[in-house]
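# Understanding the architecture of this molecule
Here are the chains, one letter per residue:
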Amino acid sequence: MSASTSASGRAGGAASSDTAEGRVYNVGGADWDEIVAAAGEPGDRSGEERMVINMGPQHPSTHGVLRLILTLDGETVTELRPVIGYLHTGIEKNMEYRTWTQGVTFCTRADYLMPIFNETAYCLAVERLLGISDRIPERANVIRVLMMELNRISSHLGGIGPLGLELGASTVFIYGMREREKVLDLFELITGLRMNHAFIRPGGVSQDLPPGAIEKLREFLAVMPGKLGELRALFDAAPAFKARTKDVAYLDLTGCMALGVTGPMLRTAGLPWDLRKSQPYCGYETYEFDVPVRDTCDAYGRYIVRMDEIDQSLRIISQCVDRLVGKHPGNDPVMIEDAKIGWPARLALGPDGLGPSPDHIAHIMSQSMEALIHHFKLVTEGFRVPAGQAYAAIESARGELGCHVVSDGGTRPFRVHLRDPSFNNLQALPAMAEGGLIADVIPAIASIDPVLGGVDR
Amino acid sequence: MVADRGELTFHVRREHLPAVARRLRDDPALAFEVCTGVSGVHYPVDQGRELHAVYHLLSITHNRRLRLEVSAPDADPHIPSLVEVYPANDWHERETWDFYGIVFDGHPALTRIEMPDDWKGHPQRKDYPLGGIPVEYRGATVPPPDERRGYQ
């Protein structure tokens, strides 16, 4: 409780002070009735119950360290100011001090719920600068698409589950996290890590699928539709969920376009804009899938669009699996065949864990001096990227994820900028929540599905 | 005007930026409805035009992209704001002010967004050190990243 300049005797739990704007009551967990009683003093203009509430940055319903400053008139939000920056880690600045390949390890940590997308956007931009976009091996592209769609599923489940939790449906949260775990298990099998993979590299991917991955993917494809059905049934059986999301957090197409909102939010406003269809990359034009669209512009529609997108992702994954079987892992390259760019060492499981394969070590240490020099130069110095700039955009789970990369011709990026969809879409929160009830702010945030790691970078 | 690697860049004088952007947005033959933000770049060696603001425009109607690049000298880091034309640029311009110190004239509330309000300096400028401490590991010392050997 802060000290008061002129204490109000009746305000019990609240200290009040007279300011230029009138009398201000500082409340910290006091009895509301007492505040209202104190506010009703004669000559006191604050009877209109205008309240300024600080929500976050440590609040379980703000999806991370997001802080909101809410001005309330009764229960109605009259003004909402999002405050961000609590998770700023200087990823873009750090990338300027590492080689182009090391940059992947940094950008993957930006939006930590969709690491694969961050890596892919960055790598596509670097590949465009290198002029090697057409020379990425087919198998690497299929694995990229496979990983991105898996990541879309895990990210959407990580958005839908908490939406339920914040509206009081904790079972939905547990189910969502449980299904998400299945994707993370696949990530662990394929990349070795559950997040922060650094798996997609400029020129391809870091390694091929391990033995047994295809079987695991098929298992996943078999069980997932049933699990999603369970999740849908849980939501559909909850009238409270529909009542709290339908016609809530409304943002129409005009608002979306003006605020640069992309992704599921834009598609819920009725525009079937999906970069996978309109500006395909990584061979998306060769896959069959639909773009789910709704025109309800509300939180419920965004939930439906995300669920439908998971179904479409499963379709794409099954096509990826079909393309990957029949080929012989190890024979088809997953990294560009250019000794100046492609990472030289293939990973293999040795007696002391995962490391460069014994064949490769034997080759560079006792057979080829050139190979040793190449290995040494690439690993310590890295490759050089021709000067210039490039912007690559992909359809991530949350919308357009762009990566603007500038090179001065050196072995390190001169500038990397991630245009993160969460950062942009979060701007739309005041437009969606002002004028509504304070309770509706929560589904509004959840329907944007911002990840503060991506917002702040 | 530069066309490179399949991307088109317009270098625009800063005083013409709002007019150019408005025309790009409103002309039906251009129709760049969405601005996907602004990205600052600091070129300390580019005397007289050290600070660059790079805008990426997207036309959903025509499915095209375009890049606008505007520069300002370090001594007079002012560029007109595009928030009037593209409200989406609100936070992006605040971020660029925060990290590069580019003042976007006409922005409704140009305050820091990522760094604390009382922060000194603009951290993504090239003359701003990355910082860090040397790390000792098994007797060897690894210097902080910005003091390590470079291969420029």
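Rules used throughout
- Residues numbered from 1 in each chain as written.
- Chains lettered and ligands numbered in written order.
- Predicted model: local features only at pLDDT ≥ 70, side-chain atom pairs only at ≥ 80, totals over all residues.
- Helix = DSSP H or I, 4+ residues; strand = E, 2+ residues; numbered from the N terminus.
- Contact = placed C-beta atoms within 7 Å.
- Buried ≥ 20, exposed ≤ 12 C-beta atoms within 10 Å, placed from the backbone.
- Pairing = 2+ DSSP bridges.
- Axes fitted to C-alpha atoms, helices over the stretch in contact; angles between N-to-C directions.
- pLDDT = per-residue confidence, 0-100.
- Core = buried A, V, L, I, M, F, W, Y, C linked by C-beta atoms within 7 Å.
- Nonpolar A, V, L, I, M, F, W, Y, C, P; charged D, E, K, R; others polar.
- Expected span 1.5 Å × (residues − 1).
- Parallel < 35°, antiparallel > 145°, perpendicular 65-115°, else oblique.

Let's shift gears to the overall build of chain B. For chain B, the count of helices and strands is 2 helices and 9 strands. Mapped in sequence order, the helices and strands of chain B form the string β-β-α-β-β-β-β-α-β-β-β. Projected onto its principal axes, the C-alpha coordinates of chain B cover approximately 65 × 35 × 30 Å. Pairs at least 24 apart in sequence give 49% of the contacts found in chain B among residues at least 6 apart.

A word on the overall build of chain A. In terms of helices and strands, chain A carries 18 helices and 12 strands. Among the 457 residues that make up chain A, the fraction classed as buried is 48%. In chain A, 65% of the contacts between residues at least 6 apart in sequence involve partners at least 24 apart.

Two orientations exist for strands paired in a sheet by backbone hydrogen bonds: parallel and antiparallel. All names here are of chain A. Overall, antiparallel pairing links the 3 strands, which are arranged β10-β11-β12 in an open sheet. Two strands in the sheet have a free side with no partner beyond their single neighbour: β10 (388–396) and β12 (415–419). Between one strand axis and the next, the sheet turns through 10° on average, direction left out of account. Pairing of β10 with strand β11 (residues 399–407), which is carried by 9 bridges, proceeds in the antiparallel orientation. Looking at β11, one finds that G388 is bridged to S407.

Quick look at the confidence of the model for chain B now. On average, residues of chain B score 88 in pLDDT, and 96% of them reach the 70 mark or higher. Interface scoring of the predicted complex returns ipTM 0.89; its pTM is 0.87.

A few words now on the nonpolar core. By size, the foremost hydrophobic cluster in this structure holds 142 residues, and its most contacted members are A125, L251 and A444 of chain A. Other than its neighbours up to four places away in sequence, A444 of chain A contacts V248, A249, A299, L429, M432 and A433 of chain A.

Quick look at the sheet that holds strand β5 (residues 76–83) of chain A now. All names here are of chain A. The strand order β3-β4-β5 describes an open sheet built from 3 strands, whose pairing is antiparallel. Of all the strands in the sheet, the pair left with one neighbour each is β3 (50–55) and β5. Put simply, the sheet's adjacent strands are angled 15° from each other on average, direction ignored. Here β3 pairs with strand β4 (residues 67–73) via 6 bridges, running antiparallel. Within β4, the position partnered with N54 by the bridge is I69.

As a further point, take the interface of chain B and chain A. Listed by partner, the interface residues are 29 residues for chain B and 35 residues for chain A. Elements with a contribution of two residues or more to the side of chain B that touches chain A: β3 (34–42), β4 (51–59) and α2 (89–100) of chain B. Tallying contributions element by element places β3 of chain B first for the side of chain B that touches chain A, with 6 residues. Tallied by class, residues from the side of chain B that touches chain A come to 14 nonpolar, 7 polar and 8 charged.

Our focus in this paragraph is helix α14 (residues 369–381) of chain A. Between its first and last C-alpha, α14 of chain A extends 17 Å over 13 residues, near the 18 Å set by a 1.5 Å rise per residue. Looking one or two places after α14 of chain A, you find G382 of chain A, whose phi comes out positive at around 85°.

Here the focus is the confidence of the model for chain A. Residues and elements named next belong to chain A. For chain A, per-residue confidence averages 84 on the pLDDT scale, and residues scoring 70 or more make up 89% of the total. Within chain A, the element-level pLDDT minimum falls on helix α1 (residues 32–39), averaging 66, and the maximum on helix α4 (residues 115–130), averaging 93. The low-confidence segment residues 1–12 (pLDDT under 50) makes 26 contacts with residues lying over four places distant or belonging to another chain.

This paragraph deals with the pairing of strand β8 (residues 347–350) of chain A. Two faces belong to every sheet, and in a regular strand the side chains alternate between them. Inspection of the sheet shows β8 of chain A paired to strand β9 (residues 353–356) of chain A by 4 bridges, in the antiparallel sense. Residue pairing for β9 of chain A: G350 of chain A is matched across the bridge by G353 of chain A.

In this section: the pairing of β12 of chain A. All names here are of chain A. For β12, the tally of buried residues reaches 5 of 5 residues, placing the bulk of the element in the interior. Side chains R415, H417 and R419 of β12 all project onto a buried face; the interleaved residues V416 and L418 project onto the opposite face, where all are buried too. Two elements, β11 and β12, share 5 bridges in a ladder whose sense is antiparallel. Pairing of C403 across the sheet is with L418, part of β12.

Residues and elements named next belong to chain A. Here α4 crosses helix α5 (residues 138–166) at 140°, and the two axes come no closer than 8 Å. With respect to α5, the element α4 is oriented oblique. Facing α4, whose interface residues are I116, F117 and T120, α5 presents R144, M147, M148 and N151. A class-by-class count of the residues in the contact of α4 with α5 yields 4 nonpolar, 2 polar and 1 charged.

All names here are of chain A. Mapping F199 onto the fold places it in the loop between α6 (170–191) and β6 (200–201). A residue is classified by how many C-beta atoms lie within 10 Å of it, and F199, with 22 of them, is buried. In sequence terms F199 and S170 are 29 residues apart; their C-alpha atoms lie 33 Å from each other. Not counting residues within four places of it along the chain, the set of residues in contact with F199 comprises I116, E119, M147, T191, V205 and S206.

On to the packing of α5 of chain A against helix α17 (residues 441–448) of chain A. All names here are of chain A. Interhelical geometry of α5 versus α17 gives an angle of 175° and a closest axis separation of 9 Å. In terms of axis orientation, α5 runs roughly antiparallel to α17. The segment α5 lies against α17, with P162, L163 and E166 engaging I442, P443, A446 and S447.

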